[in-house]
Amino acid sequence: MENIAEIFEMGICCLIPIYQQNTGNATKLITDQGTCFIDKRMIKTVLKLLCKHYTIHMESCREKYGTIIHRQLGVPLPIHSRLLLIPLKMRKPMFGKDGAYGYVNLYGIESLEEQNGYTVICLQSGIKVPSLHKLQTVRRQINQAKLVAGNIPTVQSGEGVREALDVFYETCEHPATKADIAILTKEILELRRVLKKGTLIHRNEELKIKSE
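In this report, we go over the structure that sits alongside the text. (Residues numbered from 1 in each chain as written. Predicted model: local features only at pLDDT ≥ 70, side-chain atom pairs only at ≥ 80, totals over all residues. Heavy atoms only, no water.)

1. Focus on the overall build of the protein
Point 1. Check the secondary structure of the protein and you find 6 helices and 9 strands.
Point 2. The proportion of buried residues among the 212 residues of the protein is 42%.
Point 3. Restricting the contact set of the protein to residue pairs at least 6 apart, pairs at least 24 apart contribute 47%.
Point 4. Accessible surface, the protein: about 12,800 Å² in total, of which carbon and sulfur atoms supply 53%. (Helix = DSSP H or I, 4+ residues; strand = E, 2+ residues; numbered from the N terminus. Buried < 20%, exposed > 50% of the residue type's maximum accessible area, 1.4 Å probe, protein only. Contact = heavy atoms within 4.5 Å. Areas by Shrake-Rupley, 256 points an atom, 1.4 Å probe, with all protein chains shown as cover.)

Below, the structure is given as structure tokens:
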């Protein structure tokens, strides 16, 4: 099998926890092109290797973006500009430490299908990945991932708030729920607070310079 770093460089679209005969708990990696690889290590280990490869501090990312979407668990994990991993339940683990969640790249999702009360994620490569979540839950996870993707920490003006809203509504394929709207409202208020604070500091500095 290729070195895992080489697989990462191909572009990761999906990480799936699996049980493999004679190997046990393993991870299936699907690249952007739809090529599949099996790594004998558990998904938790593979995810850590992926973060290390791109110099990402996983826990810090979860804490930061969890604050934005007001969640502590199931927080989308941005790796780089074209890789934002959405955690989704993909299996029923045989043992507690095996892990039930896999990860799908936000930018690799083509569409969603409902099947027997659960969800099938259709990737742009044509591969279909099943999730044990209901369709509404997967849509909510995707919307929250888009909020994380649209977060602009270097906004300098009110136009930045408008830009963030435009990006969210242009990329959101499904109607926002009340919870989504509440989260977005809190994010807008926080941006306005930061902008207002920055404006006051700037004015105080100007007054200080003039007085001198």
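2. Structural notes on the pairing of strand β7 (residues 109–115)
A regular strand carries its side chains on alternate faces of the sheet.
Point 1. One ladder, built from 6 bridges, connects β7 with strand β8 (residues 118–123); its direction is antiparallel. Among the inter-strand pairings, Glu-113 is bridged to a residue of β8, identified as Val-120.
Point 2. The hairpin turn running from β7 into β8, its antiparallel successor, is 2 residues long, and Asn-116 in that turn takes a positive phi close to 55°. (Pairing = 2+ DSSP bridges.)

3. With respect to the nonpolar core
Point 1. Counting 46 residues, the largest nonpolar core has Ile-12, Cys-14, Leu-15, Leu-77, Leu-85, Val-104 and Leu-123 as the members making the most contacts within it.
Point 2. Those residues in contact with Ile-12 that lie beyond four places of it in its chain are Ile-7, Leu-29, Ile-30, Thr-31, Asp-32, Leu-50, Leu-83 and Asn-105. (Core = buried A, V, L, I, M, F, W, Y, C linked by side-chain atoms within 4.5 Å.)

4. A few points about the pattern of salt bridges
Point 1. This structure, assessed with the given rule, holds 3 salt bridges.
Point 2. The salt bridge partner of Arg-62 is Glu-59, with a shortest N-O separation of 3.5 Å. Taken together, the positions of Arg-62 and Glu-59, both in helix α3 (residues 58–69) and 3 residues apart, correspond to about one turn of that helix.
Point 3. Relative accessible area serves as the criterion here: at 47%, Glu-59 is assigned to the partly exposed category.
Point 4. The salt bridge involving Lys-128 is made with Glu-113; its shortest N-O contact spans 3.3 Å. With Lys-128 in strand β9 (residues 128–131) and Glu-113 in strand β7, the pair connects residues that are 15 residues apart, well separated along the chain. (Salt bridge = Lys/Arg side-chain N within 4 Å of Asp/Glu carboxyl O.)

5. What to know about α3
Point 1. For α3, with 12 residues, the first-to-last C-alpha span of 16 Å sits near the 16 Å given by 1.5 Å per residue.
Point 2. Every buried residue of α3 is listed here: Met-58, Cys-61, Tyr-65, Gly-66, Ile-68 and Ile-69. Down the axis of α3, the smallest arc covering the buried residues is 150°, so these residues share one side. Across α3 from its buried face, at more than 90 degrees, point the exposed residues Glu-63 and Thr-67. (Expected span 1.5 Å × (residues − 1). Arc of directions from axis to C-beta.)

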